[in-house]
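Structural overview for review
Spelled out, the chains give:
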Amino acid sequence: MEPLKFTRLNDLPVPADRPRAGAVDPAPLLGVWHSTNRATRGIIKLILSDSDGNFTVRAFGACEPSPLEWGTVVGAAFADGVGLRAGVGFRAFYEFGFMQTTLAAYLNKRILVVDAYNTFRDGSGRLNYFSRDHFYQ
């Protein structure tokens, strides 16, 4: 059996006679994003930036009396297709020691939908969990 070179039609290489798009442009994703749920117990704010050509994610979790900053990580912006350039989604990883969180997000019109996959690594018995939050600028 021959190894796969693509997994669906979307993955076909861009024809040689078509200009290459270059790196994904994260501009549509950049800025400060706020949770649409004022009572969220999850992520309350994201700051998405382009720092020296690196797409960065700075997350803040709900906490009292003030938000808990997760720090800034380098993420990866994604376009809507192989030959397209405008960023429509991103992925970022946070390693907290006791837990690992993967953020996977996409734009849905003017709303940023963020899925968080949380895996506990501390033997505490807490179950891994998924959450979804919606953000506006």
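Details of the structure are given in the entry above.
Residues numbered from 1 in each chain as written. Predicted model: local features only at pLDDT ≥ 70, side-chain atom pairs only at ≥ 80, totals over all residues. Heavy atoms only, no water.

Each helix and strand in the chain was counted, giving zero helices and nine strands. Scanning the chain from its N terminus toward the C terminus, one meets helices and strands in the order β-β-β-β-β-β-β-β-β. For the C-alpha atoms alone, the extent of the chain along its principal axes is close to 55 × 40 × 25 Å. Per-residue burial for the chain yields a buried fraction of 28% across its 137 residues. For the chain, the proportion of contacts with a sequence separation of at least 24, taken over those separated by at least 6, is 33%. Looking at the chain as shown, the accessible area adds up to about 9,200 Å², and 54% of this sits on carbon and sulfur atoms. Side-chain charges of the chain comprise 15 positive and 13 negative groups, with the mean position of each set lying 4 Å from the other. (Helix = DSSP H or I, 4+ residues; strand = E, 2+ residues; numbered from the N terminus. Buried < 20%, exposed > 50% of the residue type's maximum accessible area, 1.4 Å probe, protein only. Contact = heavy atoms within 4.5 Å. Areas by Shrake-Rupley, 256 points an atom, 1.4 Å probe, with all protein chains shown as cover. Lys, Arg positive; Asp, Glu negative; His and termini not counted. Charge placed at Lys NZ, Arg CZ, Asp CG, Glu CD.)

Another aspect to go through is a nonpolar patch on the surface. On the surface, F6, L9 and L12 cluster together into a nonpolar patch covering about 310 Å² of accessible area. Examined against the element boundaries, F6 turns out to sit in the segment before strand 1 (31–35). Look at F6 and you get partly exposed, because its relative accessible area is 39%. (Patch = residues over 30% accessible without salt bridge, like charges linked within 9 Å, V, L, I, M, F, W, Y side chains within 5 Å. Salt bridge = Lys/Arg side-chain N within 4 Å of Asp/Glu carboxyl O.)

What follows deals with the nonpolar core. The tendency in soluble globular proteins is for nonpolar side chains to be buried side by side. Counting residues in each nonpolar core, the largest one holds 19 residues, and the members touching the most others are L46, L48, V57, F90, L103 and L112. Mapped by element, the contributors of at least two residues to this core are strand 2 (43–51), strand 3 (54–61), strand 6 (87–95), strand 7 (99–108) and strand 8 (111–120). In contact with L103, other than residues within four places in its own chain, are I43, L46, V57, W70, F90, R91, A92, Y94, V114, D115 and A116. (Core = buried A, V, L, I, M, F, W, Y, C linked by side-chain atoms within 4.5 Å.)

Now for the side chain of S35. Locating S35 in the fold gives a position in strand 1. At 3.1 Å, the side chain of S35 forms a polar contact with the backbone nitrogen of N37. Ignoring anything within four residues of it in the chain, the contact list for S35 reads T40, I43, I44, H134, F135 and Y136. (Polar contact = N/O pair within 3.5 Å; in protein donor to acceptor, adjacent residues only side chain to side chain.)

This paragraph deals with unusual backbone geometry. Between E64 and P65 the backbone carries a cis peptide bond, its omega angle lying at 10 degrees. Mapped onto the elements, P65 comes out in the loop between strand 3 and strand 4 (68–74). Residues other than glycine seldom take positive phi values, yet D52 does so here, at roughly 55 degrees. Relative to the helices and strands, D52 resides in the loop between strand 2 and strand 3.

This next bit is on the packing of aromatic side chains. Evaluation of the coordinates by the stated rule reveals eight aromatic pairs. Aromatic rings pair up to connect W70, Y94, F96, F98, F120 and Y129 into one cluster. (Phe/Tyr/Trp six-rings, centres within 6.5 Å; stacked < 30°, edge-to-face > 60°.)

The next thing to look at is the side chain of T56. Inspection of the secondary structure puts T56 in strand 3. Take T56: its relative accessible area is 10%, and that puts it in the buried class. Once residues lying within four places of it in the same chain are set aside, the contact partners of T56 are I47, L48, S49, S51, T72, V73, V74 and G75.

For the rest of this paragraph, the subject is the pattern of salt bridges. Per the stated rule, a full pass over the model turns up five salt bridges. Ionic pairing is found between R85 and D25, a salt bridge with its closest N-O pair at 3.7 Å. Here the residue R85 occupies a position in the loop between strand 5 (76–79) and strand 6, and D25 occupies one in the segment before strand 1, the gap between them amounting to 60 residues. Between R132 and D115 there is a salt bridge; the shortest N-O distance is 2.6 Å. A residue pair is termed long-range when its members are at least 10 positions apart, and R132 in strand 9 (residues 129–136) and D115 in strand 8 qualify at 17 residues. Taking the relative accessible area as the measure of exposure, D115 reaches 7% and is therefore buried.

These values are about where atoms sit, not about what they do.
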